[in-house]
Amino acid sequence: KAGVTQTPRYLIKTRGQQVTLSCSPISGHRSVSWYQQTPGQGLQFLFEYFSETQRNKGNFPGRFSGRQFSNSRSEMNVSTLELGDSALYLCASSLAGGSFFADTQYFGPGTRLTVL
Amino acid sequence: GQQVMQIPQYQHVQEGEDFTTYCNSSTTLSNIQWYKQRPGGHPVFLIQLVKSGEVKKQKRLTFQFGEAKKNSSLHITATQTTDVGTYFCAEHQMNRDDKIIFGKGTRLHILP
């Protein structure tokens, strides 16, 4: 069974631009979560989608948004990029048949975003 | 934002020595998960603890959840070079809108 895939793997943008990242979960997984990882702040939860609905949300500004499609694939969008948005963005999928933490989360390789 | 306390931040041990990392929260947790991230890799789920006082073992790894469900630990016995990486705990706090908070991780370095 294929793992979680994320595209693109690397991205360079300039301040003020916007970016869209994509995540394809493991086949059969209905939950997709997004995380931001930086050396200073560590791993921070952005949001979780389940059956095309945002079920949980972290403490990030409204510039960060996401969505999930009927095939469970998810996209994350960041508008008006700032230098501090440079980070590794990870998505994780799980079966999520019950509560959010009921299942193992499988992480993708991440998208490395650099904002210049 | 609030960050779960994970200590130590770094740990260097000789191969064969034991290693322990701790997570502490000021609030009662619904459950806690542990992850390992190898250098250049992505986090890999290790285990989830749910019950008060729960202890789970995976080969040389022992995971504990405190009686009050406010702290947890991961202990590795007789470390090997394959144990190198950063170990994260992720807390699910009760009555906090299902917020998921990761510790900053403990980076383990093994000296040969």
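All figures in this text were calculated on a predicted structure; none of them were measured in a lab.

About the thresholds
Residues numbered from 1 in each chain as written. Chains lettered and ligands numbered in written order. Predicted model: local features only at pLDDT ≥ 70, side-chain atom pairs only at ≥ 80, totals over all residues. Heavy atoms only, no water. Helix = DSSP H or I, 4+ residues; strand = E, 2+ residues; numbered from the N terminus. Rg over C-alpha atoms; globule rule 2.2 N^0.38 Å. Buried < 20%, exposed > 50% of the residue type's maximum accessible area, 1.4 Å probe, protein only. Contact = heavy atoms within 4.5 Å. Areas by Shrake-Rupley, 256 points an atom, 1.4 Å probe, with all protein chains shown as cover. Lys, Arg positive; Asp, Glu negative; His and termini not counted. Charge placed at Lys NZ, Arg CZ, Asp CG, Glu CD. Disulfide = S-S within 2.5 Å. Core = buried A, V, L, I, M, F, W, Y, C linked by side-chain atoms within 4.5 Å. Salt bridge = Lys/Arg side-chain N within 4 Å of Asp/Glu carboxyl O. Pairing = 2+ DSSP bridges. Axes fitted to C-alpha atoms, helices over the stretch in contact; angles between N-to-C directions.

**Observations regarding the overall build of chain A**
Then, in step 1: In terms of helices and strands, chain A carries 0 helices and 11 strands.
Then, in step 2: For chain A, the sequential pattern of α-helices and β-strands runs β-β-β-β-β-β-β-β-β-β-β.
Then, in step 3: A globule of 116 residues ought to have a C-alpha radius of gyration of about 13 Å, and chain A, at 13 Å, matches this closely.
Then, in step 4: In terms of overall dimensions, chain A has C-alpha extents of about 40 × 25 × 25 Å along its principal axes.
Then, in step 5: Buried positions account for 51% of the 116 residues belonging to chain A.
Then, in step 6: A separation threshold of at least 6 residues defines the contact pool for chain A, and within that pool the share at least 24 residues apart is 57%.
Then, in step 7: Accessible surface computed for chain A: about 5200 Å², of which carbon and sulfur atoms make up 50%.
Then, in step 8: Across chain A, 11 positive and 6 negative side-chain charges occur, with their mean positions spaced 5 Å apart.

**Description of unusual backbone geometry**
Then, in step 1: A cis geometry characterises the amide bond from A:T7 onward to A:P8, with omega recorded as -10°.
Then, in step 2: Here A:P8 lies in the loop between β1 (5–7) and β2 (10–13).
Then, in step 3: Put simply, B:I7 and B:P8 share a cis peptide bond, and its omega is -5°.
Then, in step 4: Its location among the elements puts B:P8 in the loop between β1 (5–7) and β2 (10–14).
Then, in step 5: Notably, A:T80 is not glycine yet its phi reads approximately 45°, a positive angle.

**Quick look at the state of the cysteines**
Then, in step 1: Applying the stated criterion across every chain, the model contains 2 disulfides over all chains.
Then, in step 2: Put simply, A:C23 and A:C91 are joined by a disulfide, and their sulfur atoms are 1.9 Å apart. Negative torsions about the S-S bond denote left-handed disulfides, and the value of about 70° found for A:C23 with A:C91 makes this one right-handed. Taken together, the positions of A:C23 in strand β3 (residues 19–24) and A:C91 in strand β9 (residues 87–94) put the pair 68 residues apart, joining distant regions of the chain. The two residues A:C23 and A:C91 agree in class, both being buried.
Then, in step 3: Note that B:C23 is cross-linked by a disulfide to B:C89, the S-S spacing being 1.7 Å.

**Here's the deal with the nonpolar core**
Then, in step 1: Within the largest apolar cluster, 21 residues are counted, with the highest numbers of intra-cluster contacts made by A:W34, A:L46, A:F64, A:M76 and A:Y89.
Then, in step 2: At the level of secondary structure, the elements contributing two or more residues to this core comprise β3, β4 (31–38), β5 (42–50), β8 (74–78), β9 and β11 (111–115) of chain A.
Then, in step 3: Residues in contact with A:Y89, not counting those within four places in the same chain, are A:Q6, A:L21, A:Y35, A:Q36, A:L46, A:F64, A:M76, A:G110, A:T111 and A:L113.
Then, in step 4: Core analysis: the second largest hydrophobic core is formed by 20 residues, B:V4, B:L49, B:L74 and B:I76 among them.

**Notes on the pattern of salt bridges**
Residue and element names in this part refer to chain A.
Then, in step 1: Under the counting rule described, the total for this entry stands at 7 salt bridges over all chains.
Then, in step 2: Here E48 and R55 are joined by a salt bridge, their closest N and O atoms 2.7 Å apart.
Then, in step 3: Judged by its relative accessible area of 0%, E48 falls in the buried class.
Then, in step 4: Residues R73 and E75 are paired through a salt bridge, measuring 3.4 Å at the closest nitrogen-oxygen approach.
Then, in step 5: On the basis of relative accessibility, which here comes to 24%, the residue R73 falls in the partly exposed class.
Then, in step 6: Its relative accessible area of 16% is what places E75 among the buried residues.
Then, in step 7: By sharing partners, the salt bridges in this structure join R63, E82 and D85 into a single network.

**Things to note about the sheet that holds strand β3 (residues 19–24) of chain B**
Sheet strands pair by backbone hydrogen bonding; their relative direction is either parallel or antiparallel.
All names here are of chain B.
Then, in step 1: Strand order in the open sheet formed by 5 strands is β1-β3-β8-β7-β6, and the pairing between neighbours is antiparallel. A strand with exactly one partner marks an edge of an open sheet, and here the two such strands are β1 and β6 (55–58). For this sheet the average axis-to-axis angle between neighbouring strands, irrespective of direction, equals 15°.
Then, in step 2: When β1 meets β3, the two strands line up antiparallel, connected through 3 bridges. The partner of Q6 across the bridge, within β3, is C23.

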